[in-house]
Amino acid sequence: MAKKSTPALRKLSVYLYIPNLVGYVRVLMNCFAFAICFSDKRLFSILYFLSFVCDGIDGWCARKFNQVSTFGAVLDMVTDRISTACLLVILSQVYSPGLIFLSLLALDISSHWLQMYSTFLLGKGSHKDVKDSTSWLFRAYYGNRKFMAYCCVACEVLYIILFLVADSKTESLMDILKSLSKQSTPLTLLTAVSLFGWAIKQIVNVIQLKTAADVCVLHDISKKQGS
């Protein structure tokens, strides 16, 4: 009986890793945040940002307590992608043209999905292992945690700002950006700093998409040559 229960207990122990528990809290926090996003924008923004901060906390916990797991890495990425996707869908309904935000959503999900898949094809332990990449920006992004953190935080902060400043459901994105650029306020400075980090992240997403796609194509060529 004890032998039969051992595998179940081992699985449970992974599910209950401290970083994974933080991940579950992130999921619940995001669910509640999006449930009240239109009725209480400020609370939504606070909860959404806190959930994003927890993304760094669970990574720290994983390294600190030696609880790095594949499940935790996937949970982390899926939570990030879904939460960002939900916010981009909302922004696509608030601003025109909404296609801009839907295109960003498609780029974000496809580039990360392909990167994860190419990681498994190459037998690497992490999708952040890009030391062999020919792109210096791609290596710098995943090789420097502070730089990556800045780009990720900047991207999310920009989306939060755009959500907060929208007064109606038919806002023109360009009009809002022009209005912010003409003001001399801390919000304008924060928007400018966030916009720069956001731009870098989108460039990295494009590089990531192309690099991962190349890995998949080379894998197909290798299979055909070997058969």
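Residues numbered from 1 in each chain as written. Predicted model: local features only at pLDDT ≥ 70, side-chain atom pairs only at ≥ 80, totals over all residues. Heavy atoms only, no water.

Caption draft 1: Structural context of the packing of helix α2 (residues 18-35) against helix α3 (residues 41-64). Where α2 contacts α3, the axes come no closer than 9 Å and their chain directions differ by 170°. Classified by the angle their axes make, α2 and α3 are roughly antiparallel. On the side of α2, the interface is formed by Ile18, Pro19, Val22, Arg26, Met29, Asn30, Phe32, Ala33 and Phe34, while α3 contributes Leu43, Phe44, Leu47, Tyr48, Leu50, Ser51, Phe52, Cys54, Asp55, Asp58, Cys61 and Ala62. Classifying every residue of the contact of α2 with α3 gives 16 nonpolar, two polar and three charged. (Axes fitted to C-alpha atoms, helices over the stretch in contact; angles between N-to-C directions. Helix = DSSP H or I, 4+ residues; strand = E, 2+ residues; numbered from the N terminus. Parallel < 35°, antiparallel > 145°, perpendicular 65-115°, else oblique. Contact = heavy atoms within 4.5 Å. Nonpolar A, V, L, I, M, F, W, Y, C, P; charged D, E, K, R; others polar.)

Caption draft 2: Inspection of the packing of aromatic side chains at higher detail. Tallying each qualifying case throughout the model produces 11 aromatic pairs. Look at Tyr95 and Phe101: their rings are 5.9 Å apart centre to centre, the planes differ by 40°, and that puts the pair in the tilted class. You can call Tyr95 buried: its relative accessible area is 2%. Members of the aromatic cluster, each reached through a chain of ring pairs, are Phe34, Phe38, Phe44, Tyr48 and Phe163. The ring centre of Phe163 lies 5.0 Å from the NZ or CZ of Lys41, which sits over that ring. (Phe/Tyr/Trp six-rings, centres within 6.5 Å; stacked < 30°, edge-to-face > 60°. Buried < 20%, exposed > 50% of the residue type's maximum accessible area, 1.4 Å probe, protein only. Lys NZ or Arg CZ within 6 Å of the ring centre and 35° of its normal.)

Caption draft 3: Structural context of unusual backbone geometry. For the bond running from Ser96 to Pro97, omega is 0°, close enough to zero to count as cis. Phi at Asn66 is positive, roughly 55°, even though this residue is not glycine. Judged by its relative accessible area of 69%, Asn66 falls in the exposed class.

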